[in-house]
Amino acid sequence: MWDYSEKVLDHYRNPRNVGKLEDADMIGEAGSLACGDSLKLFIKLDGDKVVDAKFQTFGCGSAVAASSILTEMIIGKTLDEVKKITNKDIARELDGLPQQKMHCSVMGREALEDALKKYYGEDSDEWQEIELAEHAHAGEKVICTCFNVTENQIWEAVKVNGLKTVEEVTNYTKAGGACGRCKGLIKDIIDTYLKKEAKQPELTATQKILKISKVIEQQISPELQKDGGDIELVDIEGNVVKVKLTGMCSGCKNASMTLKNFVESVLKEKVDSNITVEQT
C-alpha cells in the first residue's frame with residue numbers, strides 16, 4: 001500500500017476549487033481518458049495576476065489532490081511566478097507523492113504549460129522563452145505511443161526529478177507502462193542525459209560545502225519559514241548532510257517526509273545527486 005501524506009488525503013477528501021470558470025482567461029488541458037487520467041484547468045486573470053482558478057479532473061486520488069493544490073498555488077501569483085512552478089513544486093506542496101503517483105504532479109504542470117501556451121500563443125516571444133528554458137535539449141518526437149509521451153516530456157522529467165531508471169520515468173510520465181516497446185528509447189534518453197551531466201566539473205570538498213550552505217540558506221530555509229519552521233546546518237561528512245529542523249518543523253509529524261521529499265530532494269537537484277540528509 002502506498003504511503004500518502006495527510007495533505008494528499010486532505011485534498012483528495014476535500015478538494016478545493018472544483019468546477020469550471022465560464023469567463024476563464026486561460027484554459028489548459030493534460031492527459032486523456034484513454035490514458036486513465038485527465039485534467040482541465042481554468043484560470044481567471046486581473047492584469048497579469050491570477051485571481052481565481054478551478055479544475056475538472058478524471059483520475060485517482062493523487063490526481064485530484066495534485067489538481068486541487070495546484071489551484072491554491074497559482075491563485076494570487078503573477079504569470080511570471082506561475083511560469084516557474086514545476087511538478088516537483090506541486091509534489092512538495094503535498095508533502096510528497098509516492099513514486100508511482102508522481103505522474104499526477106507532472107500532469108498538473110503540463111496543464112499549466114498548455115494554458116500558458118494557448119494564452120501567449122505558440123509563436124509568441126513569451127512562449128518561446130518558456131519552451132526554450134524547459135526543452136532546450138529535446139525534440140518533439142513521440143516516444144511512448146500508448147500514452148502519447150514525447151521526448152521533451154521524458155527529458156524534462158529526468159532533468160527536473162533526477163530520474164535514473166526506466167521504472168522511475170514510467171512512474172513520473174506513464175511512458176513504458178503499457179506495451180513496453182519504448183523502454184529501450186527511454187533508457188537511451190536517460191543515458192544521454194546522465195552522460196551530459198557527467199561532463200560537468202566535479203566540485204571540490206570546499207566548493208560543495210559552500211554550495212550546500214548557500215542552497216540551505218537561500219532556497220530551503222525561506223520555504224520552511226513560510227510555515228513557521230526553519231533549518232540549521234549542523235555538519236557535512238562527505239555526501240551526508242546533517243541538519244536540525246527548528247520551529248514548527250521540529251515537532252511536525254511529517255518531519256521525516258520534509259527531510260526526504262523537500263530538503264534532500266532540493267540538495268540532490270542543486271548540488272549532488274548522491275547527497276543524503278540526516279536530522280540530528
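Residues numbered from 1 in each chain as written. Predicted model: local features only at pLDDT ≥ 70, side-chain atom pairs only at ≥ 80, totals over all residues. Heavy atoms only, no water.

## Observations regarding the overall build of the protein chain
(1) Moving on: Within the protein chain, the regular secondary structure consists of eleven helices and eight strands.
(2) Moving on: Relative to a compact globule of 280 residues, whose C-alpha radius of gyration would be 19 Å, the protein chain shows 19 Å and is just as compact.
(3) Moving on: Its C-alpha atoms put the protein chain at 55 × 45 × 40 Å along the principal axes.
(4) Moving on: For the protein chain, the residues scored as buried account for 44% of the 280 residues in total.
(5) Moving on: Of the contacts formed within the protein chain by residues at least 6 apart in sequence, a portion of 56% connects residues at least 24 apart.
(6) Moving on: Put simply, the protein chain shows about 14300 Å² of open surface, and 48% of that area lies on carbon and sulfur atoms. (Helix = DSSP H or I, 4+ residues; strand = E, 2+ residues; numbered from the N terminus. Rg over C-alpha atoms; globule rule 2.2 N^0.38 Å. Buried < 20%, exposed > 50% of the residue type's maximum accessible area, 1.4 Å probe, protein only. Contact = heavy atoms within 4.5 Å. Areas by Shrake-Rupley, 256 points an atom, 1.4 Å probe, with all protein chains shown as cover.)

## Observations concerning the sheet that holds strand β6 (residues 229–237)
(1) Moving on: Spatial ordering of the open sheet is given by β6-β7-β8, a layout of three strands whose pairing is mixed. Two strands close off the open sheet at either side, each with one partner strand: β6 and β8 (276–279). Averaged over all neighbouring strand pairs, the angle between strand axes comes to 35 degrees, with direction disregarded.
(2) Moving on: Direction of pairing for strand β7 (residues 240–247) relative to β8: parallel, over a ladder of four bridges. (Pairing = 2+ DSSP bridges. Axes fitted to C-alpha atoms, helices over the stretch in contact; angles between N-to-C directions.)

## Describing helix α8 (residues 166–173)
(1) Moving on: Within α8, six of the eight residues are buried, which leaves the element mostly enclosed by the surrounding structure.
(2) Moving on: The set of residues buried in α8 consists of Val166, Val169, Thr170, Asn171, Tyr172 and Thr173.
(3) Moving on: In this structure, the buried side of α8 is in contact with α4 (87–93), α5 (102–120), β5 (149–150), α7 (151–161) and α9 (183–198).
(4) Moving on: Downstream of α8 by a residue or two, Lys174 has a phi angle that is positive, lying close to 75 degrees.

## Overview of the packing of aromatic side chains
(1) Moving on: With the rule as written, the count across this model stands at two aromatic pairs.
(2) Moving on: With a centroid separation of 5.3 Å and an interplanar angle of 70 degrees, the aromatic rings of Tyr119 and Tyr120 are classed as edge-to-face.
(3) Moving on: Tyr119 sits in the partly exposed class, given a relative accessible area of 36%.
(4) Moving on: An angle of 90 degrees between the planes, with centres 5.4 Å apart, marks the rings of Trp155 and Tyr193 as edge-to-face. Of the two residues, Trp155 is situated in helix α7 and Tyr193 in helix α9; the sequence distance between them amounts to 38 residues. (Phe/Tyr/Trp six-rings, centres within 6.5 Å; stacked < 30°, edge-to-face > 60°.)

## Considering unusual backbone geometry
(1) Moving on: Positive phi, close to 60 degrees, is recorded for Asn17, a residue that is not glycine.
(2) Moving on: Along the chain, Asn17 turns up in the loop between α1 (6–13) and β1 (26–32).
(3) Moving on: At Asp95, a position not held by glycine, the phi torsion is positive, near 60 degrees.
(4) Moving on: Among the structural elements, Asp95 can be located in the loop between α4 and α5.

## With respect to the pairing of β7
(1) Moving on: Note that β6 and β7 share eight bridges and pair antiparallel. Each residue of the ladder has a partner; that of Ile236, found in β7, is Val241.
(2) Moving on: A crossover connection joins β7 to the parallel β8 through helix α11 (residues 255–270); in handedness this β-α-β unit is right-handed. (Right-handed = clockwise from strand over helix to strand, strands pointing away.)

## Some details on the environment of Leu116
(1) Moving on: The residue Leu116 is located in helix α5 in this model.
(2) Moving on: You can call Leu116 buried: its relative accessible area is 0%.

## Some remarks on the nonpolar core
(1) Moving on: Within the largest apolar cluster, 52 residues are counted, with the highest numbers of intra-cluster contacts made by Ile43, Ile74, Leu112, Ile154 and Ile186.
(2) Moving on: Ignoring any residue separated from it by four or fewer positions in sequence, one finds Leu112 in contact with Leu41, Ile43, Leu70, Ile74, Val82 and Ile85.
(3) Moving on: Counting 20 residues, the second largest nonpolar core, distinct from the first, contains Ile212, Ile220, Val241 and Leu259. (Core = buried A, V, L, I, M, F, W, Y, C linked by side-chain atoms within 4.5 Å.)

## Quick word on the confidence of the model for the protein chain
(1) Moving on: The predicted model of the protein chain has a mean per-residue pLDDT of 86, with 92% of residues at 70 or higher.
(2) Moving on: Mean pLDDT in the protein chain bottoms out at helix α6 (residues 125–135), which sits at 62, and peaks at strand β3 (residues 49–58), which reaches 96. (pLDDT = per-residue confidence, 0-100.)

## Description of the pattern of salt bridges
(1) Moving on: On inspection of all chains with the given rule, the structure shows 16 salt bridges.
(2) Moving on: Across the salt bridge formed by Asp37 and Lys174, the nearest N and O atoms sit 2.9 Å from each other. Taken together, the positions of Asp37 in strand β2 (residues 37–46) and Lys174 in the loop between α8 and α9 put the pair 137 residues apart, joining distant regions of the chain.
(3) Moving on: A salt bridge links Glu223 to Lys226; the nearest nitrogen and oxygen atoms lie 3.0 Å apart. (Salt bridge = Lys/Arg side-chain N within 4 Å of Asp/Glu carboxyl O.)

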